[in-house]
Amino acid sequence: MLRGLLRGLKSIIYPKTCPACKAKLDEAGGELICKKCYSQIKMNLPPFCVLCGRHLEKNSPNKNICPQCVRKRLHFDRAWSPCVYEGVAKKLIHEFKYKGKNNLAKPLSQIMINFIREYGLPLGDFDLIIPIPLHKARMREREFNQSEALGMHIAKEFKKELSCETLLRLRPTKSQTELKDSERALNVAGSFTVSKKVSLKDKNLLLIDDVLTTGATSSEASLALKNSGAEGVFVLTLAN
Ligand SMILES: [Zn+2]
Ligand SMILES: [Zn+2]
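Residues numbered from 1 in each chain as written. Chains lettered and ligands numbered in written order. Predicted model: local features only at pLDDT ≥ 70, side-chain atom pairs only at ≥ 80, totals over all residues. Heavy atoms only, no water.

1. What to know about the pairing of strand S2 (residues 128-131)
Because side chains alternate across S2, one face comprises the buried residues Leu-128 and Ile-130, and the other comprises Ile-129 and Pro-131, equally buried. Bridge analysis of S2 against strand S5 (residues 204-211) gives 4 bridges, and the strand direction is parallel. Looking across to S5, one finds that Leu-128 is bridged to Leu-205. (Buried < 20%, exposed > 50% of the residue type's maximum accessible area, 1.4 Å probe, protein only. Helix = DSSP H or I, 4+ residues; strand = E, 2+ residues; numbered from the N terminus. Pairing = 2+ DSSP bridges.)

Right under this line is the structure:
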């Protein structure tokens, strides 16, 4: 009771605000993102590019694949993202990733869970869910791995195994957001390895990350996993 009282007092002094627009939240209703912002998150709509998962424009020259993916060599089999990386979604991911708002893991992973259900993603076919790891040095700065937090909720929902010890970072890399598209692949080249303790032979894996932009990070992680015997590597990010 005392704890509840203290929490009540704390929320009077520091009312909880929406991480995207700073409006006061309806705490009694357990709100973590305000309704207005939630409704403004731009969703990806089909048809999707069969590689990167972005919405395919009507006048796209190829039937199933977007112009960016035609020119690139990506090592994953296919990626999906429920949201477009702009506006509210971009702001929320920034708060989640860099401002330590780890309680956003729940509502953000829920968006991914809803997408999995709506589009019938084959979760049953995956042997393991693997979050993109952070290097130890980055982990110290941020205190938690946002991909792991998202992956945890998804694995729990679909009763899948989450493995945070399979994929490892060999070296710290510059944040991809600081780099030009052309520099990103080089920045992450050879930066992942797979633990010798696990066997990935013939396994189908689902990688989880927050954002897919050029796809360089997910592609490099997929290459390491496939070189270790994985049969299929698929990617689910919150936004792209
Ligand atoms: Zn808001
Ligand atoms: Zn594409």
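Right, picking up where we left off after that structure.
2. Considerations on the coordination of the zinc ion (ligand 1)
At 2.3 Å from the zinc ion (ligand 1) lie its protein donor atoms, namely Cys-18 (SG), Cys-21 (SG), Cys-34 (SG) and Cys-37 (SG). On the primary sequence, the residues serving as donors to the zinc ion (ligand 1) are separated as C-x2-C-x12-C-x2-C. Taken together, the residues Cys-21 in the loop between helix H1 (2-13) and helix H2 (35-40) and Cys-34 in the loop between H1 and H2 connect sequence positions 13 residues apart. Given a relative accessible area of 8%, Cys-34 falls into the buried group. (Donors = N, O, S within 2.8 Å, 3.2 Å for Na, K, Ca; no water.)

3. A word on the coordination of the zinc ion (ligand 2)
Protein coordination at the zinc ion (ligand 2) comes from Cys-49 (SG), Cys-52 (SG), Cys-66 (SG) and Cys-69 (SG), with a distance range of 2.3 Å. Taken together, the 4 donor atoms surrounding the zinc ion (ligand 2) define angles of 106 to 114° at the centre, an arrangement classified as tetrahedral. Classification of Cys-52 by relative accessible area gives buried; the value is 2%. (Tetrahedral: all angles 85-135°; square planar, octahedral: opposite > 155°, others 65-115°.)

4. Details of the sheet that holds S2
Ordered by their spatial adjacency, 4 strands build an open sheet running S1-S6-S5-S2, and the pairing between neighbours is parallel. Every other strand in the sheet has two partners, leaving strand S1 (78-80) and S2 as the edge strands with one partner each. For this sheet, the mean inter-axis angle between neighbouring strands, taken without regard to orientation, is 25°. Where S5 meets strand S6 (residues 232-239), 7 bridges bridge the pair, whose relative direction is parallel. Its bridge partner being in S6, Asp-209 is matched across the sheet by Thr-237. With respect to the sheet, helix H5 (residues 105-118) is in contact with S1, S5 and S6, its orientation differing from that of S6 by roughly 125°. (Axes fitted to C-alpha atoms, helices over the stretch in contact; angles between N-to-C directions. Contact = heavy atoms within 4.5 Å.)

5. Section: the packing of aromatic side chains
Scanning all chains against the criterion turns up 6 aromatic pairs. Relative to Tyr-119, the ring of Phe-115 has its centre 4.8 Å away and its plane inclined at 50°; by these criteria the two rings are tilted. On the accessibility criterion, Tyr-119 (29% relative accessible area) is partly exposed. Clustering of aromatic rings is evident, with ring pairs tying together Phe-48, Phe-115 and Tyr-119. (Phe/Tyr/Trp six-rings, centres within 6.5 Å; stacked < 30°, edge-to-face > 60°.)

6. Let's talk about the environment of Ser-191
Structurally, Ser-191 can be placed in the loop between helix H8 (181-188) and strand S4 (192-194). Overall, the relative accessible area of 0% leaves Ser-191 in the buried class. Each C-alpha atom of the pair Ser-191 and Glu-220 lies 7.7 Å from the other, and the pair is 29 residues apart in sequence. With residues up to four places along the chain from it excluded, the contact list for Ser-191 reads Leu-168, Arg-169, Leu-170, Arg-171 and Thr-173.

7. Things to note about the pattern of salt bridges
A side chain of one charge can pair with a side chain of the opposite charge when the charged atoms of the two come close. For the structure shown, the criterion picks out 12 salt bridges. Lys-226 is the partner of Asp-77 in a salt bridge, and the nearest nitrogen-oxygen pair spans 2.9 Å. Placement of the pair is Asp-77 in the loop between helix H3 (67-71) and S1 and Lys-226 in helix H9 (residues 216-227), with a sequence separation of 149 residues. Given a relative accessible area of 27%, Lys-226 falls into the partly exposed group. Across the salt bridge formed by Lys-201 and Asp-202, the nearest N and O atoms sit 3.4 Å from each other. Looking at Lys-201, the relative accessible area reads 57%, which means it is exposed. Overall, Asp-202 belongs to the partly exposed group, its relative accessible area being 48%. (Salt bridge = Lys/Arg side-chain N within 4 Å of Asp/Glu carboxyl O.)

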